[in-house]
Amino acid sequence: MFKDYHKYLKASLKVYLFVLIIIFILKIVGFDYFGIDVNNSTLINIDKFLGKYHLKEVWYFITLFLQLYFYLCLVCKRKDLYLYTLIGSIINLIVQYALTYFLQADWYYQIFSMLLTLILPMIINKKICFKRQILFIVLINAYQLISLFIRNVGINSNYSNFIVDSILNLDQLLLLGITFKIYFMKGEIQCLQEVGSSSLKKISLKKSLQKLQKNFQDNLEAFKSKSKEEKLTIIIFSILSLIWNCLTLVVVFIIAMINDSVIECIFIISSFWLSKRLFGKPFHFHSMIICFIVSNLTYYVLNRITTPLGISIFIPILLGVGLSYITSKFVKKTYKPLHRGMSKELFEETILQVVDKDSEKYNICYDFYIEKKSDLALSYKYNYSVSGIRKIKDRINDKIKRL
């Protein structure tokens, strides 16, 4: 059922990037709700427990190991790097404590850490791609800077270092883990630069507004072509549907208020709606009453299990996208292979289940099935052999048959 979970990972990353843009705008206009929750009782108890039994160093080592492992795998394009990661993490930890103890200057350690991330991959693989190495170093530092900016770290000097580091590391590890899974997913995106460009194109505000405007114009033209009776029916149905949806949202937010998780609920709902169409047609019950009951129960459970934004911004997003992904699995899909003469709408609904719209495979299939270009013309355009073009089309259709 969840063999295509890479779609869920990619959708979560895309929605997270979009949400970061919104958060950035909100912070600029003065809405600052995303600081670290240093007063969270659970984190305070964990902090005391780890401090009492001297386990903080173990936690630091685990997070350092995971970050270095994800980085080495991405740069060296290998997964068997546990030994190198272990050695690098031990050296990093020893040097960190030595420099902090003798020189009491964090910037010495920062320089050493940067040198280690540059030199260690070269020792492991002498033919390392320097451009890819720089790309991932920039990516990891971007993740860190984003967290620091959103969380306002450094403004309040009373922060507990362990709680701050743990919260910052949580979202960063989730992001690195998803990046790692996407990068090594067979048959999917093979370069992170492609992931970034595809994501940004799909979530850009300008493109989203243009798409909304086009859909509005198309629906308006279709509405104008209807008879008076059909127009009246559409208007009444739209009004009743809007009232019903508003009632559902009101109940959901009342439940969120009871659980003291209104902002988290907004993140979950927004993530659900932003990713709703990424997995195909959404699931709906035949009865509106059943849909109402199940929706409210579902959001109640999600509001109970999500973490506060003061701990993680990413987890409510993962839950919202996960709800969209899981509900899409209940929709019975009977996709037929691509063929010439099919409508553009059916083509996109079918092919977007197996490839990204910005991928070369999508463009090749679009030119062949919609534009009706020949295999020979496509081989010149995309620099493939004729047999290579045919293999790409056959593989796409094989994936569609397995849906």
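For the structure, check the block above.
Owing to the predicted nature of the structure, the values given are computational and were not obtained by experimental measurement.

## Brief notes about the overall build of the protein
At step 1: A tally of helices and strands in the protein yields 17 helices and zero strands.
At step 2: Here the protein holds 403 residues, and the buried ones make up 41% of them.
At step 3: Within the protein, contacts between residues separated by at least 24 positions form 70% of all contacts whose residues are at least 6 apart in sequence.
At step 4: Counting every atom, the protein has about 24000 Å² of accessible surface; 65% of that belongs to carbon and sulfur.

## A word on empty space enclosed by the protein
At step 1: Inspection of the entire model under this criterion finds two cavities of 30 Å³ or more.
At step 2: Counted as a void, the largest cavity has a volume near 50 Å³.
At step 3: Every residue along the wall of the largest cavity is listed here: Tyr16, Ile146, Ser147, Ile150, Arg151, Ile167, Leu168, Asp171 and Ile313.
At step 4: Those elements that provide at least two residues to the lining of the largest cavity are α6 (130-151) and α7 (161-183).
At step 5: With four residues, α6 is the largest single contributor of residues to the lining of the largest cavity.
At step 6: Of the residues assigned to the lining of the largest cavity, the class counts are six nonpolar, one polar and two charged.

## Examining the packing of aromatic side chains
At step 1: Per the stated rule, a full pass over the model turns up 14 aromatic pairs.
At step 2: Seen from their ring centres, Tyr69 and Tyr82 are 4.9 Å apart, and the 15° between their planes marks the pair as stacked. Of this pair, Tyr69 sits in helix α3 (residues 56-76) while Tyr82 sits in helix α4 (residues 82-102), and the two are 13 residues apart along the sequence.
At step 3: Where Phe347 meets Tyr362, the ring centres are 5.6 Å apart and the plane angle is 50°; that geometry is what we call tilted. Pair noted here: Phe347 is in helix α14 (residues 344-351) and Tyr362 is in helix α15 (residues 360-370), with a separation of 15 residues, a long-range link. Each member of the pair Phe347 and Tyr362 is classed as buried.
At step 4: Members of the aromatic cluster, each reached through a chain of ring pairs, are Phe61, Phe65, Tyr69, Phe70, Tyr82 and Phe180.
At step 5: For the cation-ring pair, Arg340 lies above Phe368, with the distance from its terminal atom to the ring centre recorded as 3.9 Å.

## Considerations on the pattern of salt bridges
At step 1: Counted by the stated rule, this structure contains seven salt bridges.
At step 2: For Lys10, the salt bridge is made with Asp356, and the minimal N-O distance between the two is 3.3 Å. Taken together, the residues Lys10 in helix α1 (residues 5-28) and Asp356 in the loop between α14 and α15 connect sequence positions 346 residues apart.
At step 3: Given the relative accessible area of 8%, Lys10 is considered buried.

## Some thoughts on the environment of Tyr299
At step 1: Looking at the secondary structure, you find Tyr299 in helix α12 (residues 288-305).
At step 2: Not counting chain neighbours up to four residues away, the residues in contact with Tyr299 comprise Val252, Ile268, Ile269, Phe272 and Leu323.

## Points about unusual backbone geometry
At step 1: Of note, Lys372 is a non-glycine position whose phi angle comes to about 60°, a positive value.
At step 2: Turning to its location among the elements, Lys372 is positioned in the loop between α15 and α16 (375-382).
At step 3: One non-glycine residue with positive phi stands out, namely Asn383, at about 60°.
At step 4: Considering the arrangement of structural elements, one finds Asn383 in the loop between α16 and α17 (386-401).
At step 5: A residue is classified by how much of its surface remains accessible, and Asn383, at 72% relative accessible area, is exposed.

## Let's talk about the nonpolar core
At step 1: Tyr71, Phe267, Ile313 and Ile317 are the most contacted members of the largest nonpolar core, which totals 47 residues.
At step 2: Of all the secondary structure elements, the ones that give two or more residues to this core are α1, α3, α5 (106-124), α6, α7, α11 (262-274) and α13 (314-328).
At step 3: If you look at the next biggest cluster of nonpolar residues, it comprises 18 residues, including Leu338, Phe347, Val354 and Ile400.

## Things to note about the packing of α3 against α6
At step 1: Running from amino to carboxyl end, α3 crosses α6 at an angle of 150°, the nearest separation of the two axes being 9 Å. Taken together, the axes of α3 and α6 are roughly antiparallel relative to one another. For the element pair α3 and α6, the recorded crossing hand is right-handed. Seen from α3, the contacting residues are Tyr71, Leu74 and Val75; seen from α6, they are Arg132, Gln133, Phe136, Ile137 and Ile140.
At step 2: Of the residues that constitute the contact of α3 with α6, the class distribution is six nonpolar, one polar and one charged.

## Things to note about the side chain of Asn169
At step 1: Summarising the element assignment, Asn169 is placed in helix α7.
At step 2: Looking at Asn169, its side chain comes within polar contact range of the side chain of Gln67, at 3.0 Å.
At step 3: Those residues in contact with Asn169 that lie beyond four places of it in its chain are Thr63 and Gln67.

## Things to note about a nonpolar patch on the surface
At step 1: Side chains of Ile21, Ile22, Phe24, Ile25, Ile28, Val29, Phe31, Tyr33 and Phe149 sit close together on the surface and give an oily, nonpolar patch of about 820 Å² of accessible area.
At step 2: Looking at which element gives the most residues to the nonpolar patch, the answer is α1, with five residues.
At step 3: Judged by its relative accessible area of 42%, Phe24 falls in the partly exposed class.

Quick notes on the rules
- Counting from 1, residues in each chain are numbered in the order their sequence is written.
- Reporting in this predicted model follows two pLDDT cut-offs: at least 70 for local features of residues, and 80 or more for side-chain atom pairs to be given and counted; totals over whole chains, interfaces and linings ignore these cut-offs and use all residues.
- Where side-chain values are given, they derive from all heavy atoms of the structure, hydrogens and water being excluded.
- Each helix is a run of H or I in the DSSP string that is no shorter than four residues. Each strand is a run of E no shorter than two, and both are numbered from the N terminus.
- With a 1.4 Å probe rolled over the protein chains alone, any residue whose accessible area is under 20% of its type maximum counts as buried; one over 50% counts as exposed, and the rest are partly exposed.
- What makes two residues a contact is simply this: any of their non-hydrogen atoms within 4.5 Å.
- Using the Shrake-Rupley algorithm and a 1.4 Å probe, accessible areas are obtained, with residue cover drawn only from the displayed protein chains.
- A cavity here means a set of 1 Å grid points, computed over protein atoms only, where a 1.4 Å probe fits but cannot escape. A pocket is an open set with protein on both sides within 12 Å along at least 5 of 7 lines, and lining residues have an atom within 4 Å of a point.
- Grid points are joined across faces, edges and corners, and a volume is the space filled by probe spheres set on the points.
- In this classification, Asp, Glu, Lys and Arg are treated as charged, Ala, Val, Leu, Ile, Met, Phe, Trp, Tyr, Cys and Pro as nonpolar, and every other residue, Gly included, as polar.
- What counts as a ring pair is set by centres within 6.5 Å for rings of Phe, Tyr and Trp (its six-membered ring), and what kind of pair is set by the plane angle: stacked under 30 degrees, edge-to-face over 60, tilted for all other angles.
- Think of it as a cone above the ring: NZ of Lys or CZ of Arg counts as a charge over the ring if it is within 6 Å of the ring centre and within 35 degrees of the ring normal.
- Here, a salt bridge means any Lys or Arg side-chain nitrogen found within 4 Å of an Asp or Glu carboxyl oxygen.
- The definition of a nonpolar core used throughout is a set of buried Ala, Val, Leu, Ile, Met, Phe, Trp, Tyr and Cys residues joined through side-chain atoms within 4.5 Å.
- Note on geometry: axes are lines fitted to C-alpha atoms, helical ones only across the stretch in contact, with angles between N-to-C directions running from 0 to 180 degrees.
- Roughly parallel refers to an angle under 35 degrees, roughly antiparallel to one over 145, roughly perpendicular to one between 65 and 115, and oblique to any angle outside these ranges.
- With the far helix as reference, a near helix turned anticlockwise by less than a right angle produces a left-handed crossing, and one turned clockwise produces a right-handed crossing.
- Whenever a nitrogen or oxygen atom comes within 3.5 Å of another N or O atom, the pair is scored as a polar contact, on the condition that within protein one atom can donate a hydrogen and the other can accept it, and that pairs from neighbouring residues in sequence are kept only if both atoms are in side chains.
- Within the patch definition used here, like charges are joined within 9 Å and nonpolar side chains (Val, Leu, Ile, Met, Phe, Trp, Tyr) within 5 Å, considering only residues with over 30% relative accessible area and no salt bridge.

Honestly, it's all geometry; don't read function into it.
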